[in-house]
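# Coordinates in review
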Amino acid sequence: MSSTAGAGGVPAITLNDGNHIPQLGFGVYQVAPDETAATVKTALEVGYRHIDTAQMYGNEKGVGEGIRGAGLDRAQVFVTSKLDNGFHRPDDARRAFDETLQALGTDYIDLFLIHWPLPTLYDGDFVSTWTTLEDFKADGRARSIGVSNFQIHHLQELARETGVTPAVNQIEVHPYFTNDEVRAYGTEHNIVTEGWSPIAQGKVLGDPVVIRIAKSLGVHPAQVVLRWHIERGDVVFPKSLHPQRMKENFEIFDFEINDEEIEALTALDRGEAGRRGPDPDTFAYIAD
Ligand SMILES: NC(=O)c1ccc[n+]([C@@H]2O[C@H](COP(=O)([O-])OP(=O)(O)OC[C@H]3O[C@@H](n4cnc5c(N)ncnc54)[C@H](OP(=O)(O)O)[C@@H]3O)[C@@H](O)[C@H]2O)c1
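Bear in mind that the values here come from a model prediction, so they are computed numbers and not experimental data. Each residue is numbered by its place in its chain's sequence as written, counting from 1. Selection of residues for local features in this predicted model requires a pLDDT of at least 70, selection of side-chain atom pairs for listing and counting requires 80 or more, and totals for whole chains, interfaces and linings are taken over all residues. Each side-chain value is worked out from all heavy atoms of the structure, with water and hydrogens disregarded.

### Here's the deal with unusual backbone geometry
Even without being glycine, Asn 149 reaches a positive phi, approximately 65°. Note that Asn 149 resides in the loop between strand E8 (142-148) and helix H5 (152-162). Whether a residue is buried, partly exposed or exposed follows from its accessible area with a 1.4 Å probe, protein chains only, as a fraction of its type maximum: under 20%, in between, or over 50%, in that order. For Asn 149, a relative accessible area of 3% translates into the label buried. At Gln 201, a position not held by glycine, the phi torsion is positive, near 55°. Within the element layout of this structure, Gln 201 appears in the loop between strand E10 (192-196) and helix H7 (208-217). Take Gln 201: its relative accessible area is 41%, and that puts it in the partly exposed class. Under the scheme used here, helices are H or I runs from DSSP no shorter than 4 residues and strands are E runs no shorter than 2 residues, and both carry numbers assigned from the N terminus.

See below:
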């Protein structure tokens, strides 16, 4: 895994298939569909060149409109989406993928992920879903493919059954849930970790350790936490509806955070008790 300077001063990380991903992006979970185009346009004006959406968020159309509204070429923005839980069967996955491209108004996506492994559904079969994503990569409509919320044993099963390594694994990571075992497996197998809810949906920002470090550096608590992720080598895409916060979350490359500060933030880990989202081993939600 290597990184080089990319657009807007954001490092670009090289994926195991040779493609590059901006290490800092903008997430649109819980951005209302009718507000997404304007929100994405503002984020792109701030400087973000990487947008993380999902079929489940219902706002892919707004993402496409936001990119076009900002007057950017498709190639200037790295776009990720994710297969919804109800569409794991290969025929459904193919149809849903076509719909994603149509909603985004594009003929390719930079990165497409299986959103959740759902090991208690589909007879525990996520392998046939994965091989369907491999077809999207082979026909060029998905430049890179990966997974989300996969535990080590799910990744091991994919490796055993297909021999193909996902480019990324997008998992919950923040100082209260460092998820270091899954991250270490990723590092060992050349799978880039993307950390979702990087500021724990705001919940780590009042932590005394975060506040102490932020004060000593003269920066905002969110900037400290986001820089911690960057130093650990993960890809992140904080979400905010507020232009000032979008800007704050983007301006994290003009200060230094030292090893002692990084260790102090990592030591905030609460293990499973710090997890905010569902447990990937039991999560089995399918929308009506
Ligand atoms: N793969 C998955 O299963 C999965 C699951 C969850 C999330 N994700 C992805 O990860 C992205 C980020 O995660 P997230 O949206 O759950 O949480 P997050 O980015 O950790 O936090 C977002 C929350 O923090 C607030 N916030 C943002 N910047 C702030 C700042 N500088 N100061 C104070 N508050 C701030 C936002 O409020 P305002 O909007 O009001 O500013 C929002 O309530 C998502 O958008 C999505 O793309 C993926």
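From this point, the narrative continues.
### Looking at the sheet that holds E10
The strand order E4-E5-E6-E7-E8-E9-E10-E11 describes an open sheet built from 8 strands, whose pairing is parallel. Of all strands in the sheet, those with a lone pairing partner are strand E4 (26-27) and strand E11 (235-236), marking the two edges. At least two bridges found by DSSP between two strands is the condition for calling them paired. Note that strand E9 (residues 168-172) and E10 share 5 bridges and pair parallel. In the sheet register, Asn 169 faces E10, and the bridge partner there is Thr 193.

### Quick notes on the packing of aromatic side chains
Ring pairs are drawn from Phe, Tyr and Trp, using the six-membered ring of Trp, whenever the two centres fall within 6.5 Å, and their geometry is named by plane angle: stacked under 30 degrees, edge-to-face over 60, tilted for the rest. Overall, the coordinates contain 10 aromatic pairs when judged by the stated rule. Between Phe 112 and Phe 136 the ring centres are 6.1 Å apart and the planes differ by 65°, which places this aromatic pair in the edge-to-face class. Remark: Phe 136 occurs in helix H4 (residues 127-138) and Phe 112 occurs in strand E7 (residues 109-114); sequence separation between them is 24 residues. Residue Phe 112 shares its accessibility class with Phe 136, and that shared class is buried. Judged by centre distance (4.3 Å) and plane angle (50°), the rings of Trp 116 and Phe 283 are tilted.

### Some words on the side chain of Asn 169
Structurally, Asn 169 can be placed in strand E9. Residue classification places Asn 169 among the buried positions, given a relative accessible area of 3%. In this structure the side chain of Asn 169 is engaged in a polar contact, spanning 2.9 Å, whose partner is the backbone oxygen of Phe 150. Two residues form a contact once any of their heavy atoms are found within 4.5 Å. If we skip the residues at most four places from it in the chain, Asn 169 touches Val 147, Ser 148, Asn 149, Phe 150, Leu 155, Val 182, Ile 191, Val 192, Thr 193 and Glu 194. Each polar contact in these results corresponds to two N or O atoms within 3.5 Å; when the atoms are within protein, one needs to be able to donate a hydrogen and the other to accept it, and residues that are neighboring in sequence are counted only if both atoms are side-chain atoms.

### Re the nonpolar core
Core analysis: the biggest nonpolar cluster contains 67 residues, and Val 28, Ile 51, Val 63, Ile 109, Phe 112 and Leu 265 have the highest contact counts within it. The biggest single contributor to this core is helix H8 (residues 221-231), with 6 residues. When sequence neighbours within four positions are dropped, the list of residues in contact with Ile 109 reads Arg 74, Val 79, Thr 80, Ser 81, Phe 97, Thr 100, Leu 101, Leu 104, Arg 141, Ala 142 and Arg 143. The criterion is simple. A nonpolar core is a set of buried Ala, Val, Leu, Ile, Met, Phe, Trp, Tyr and Cys residues joined through side-chain atoms within 4.5 Å. One finds Ile 13, Leu 111, Leu 113 and Val 168 within the second-largest nonpolar core, a separate group that totals 16 residues.

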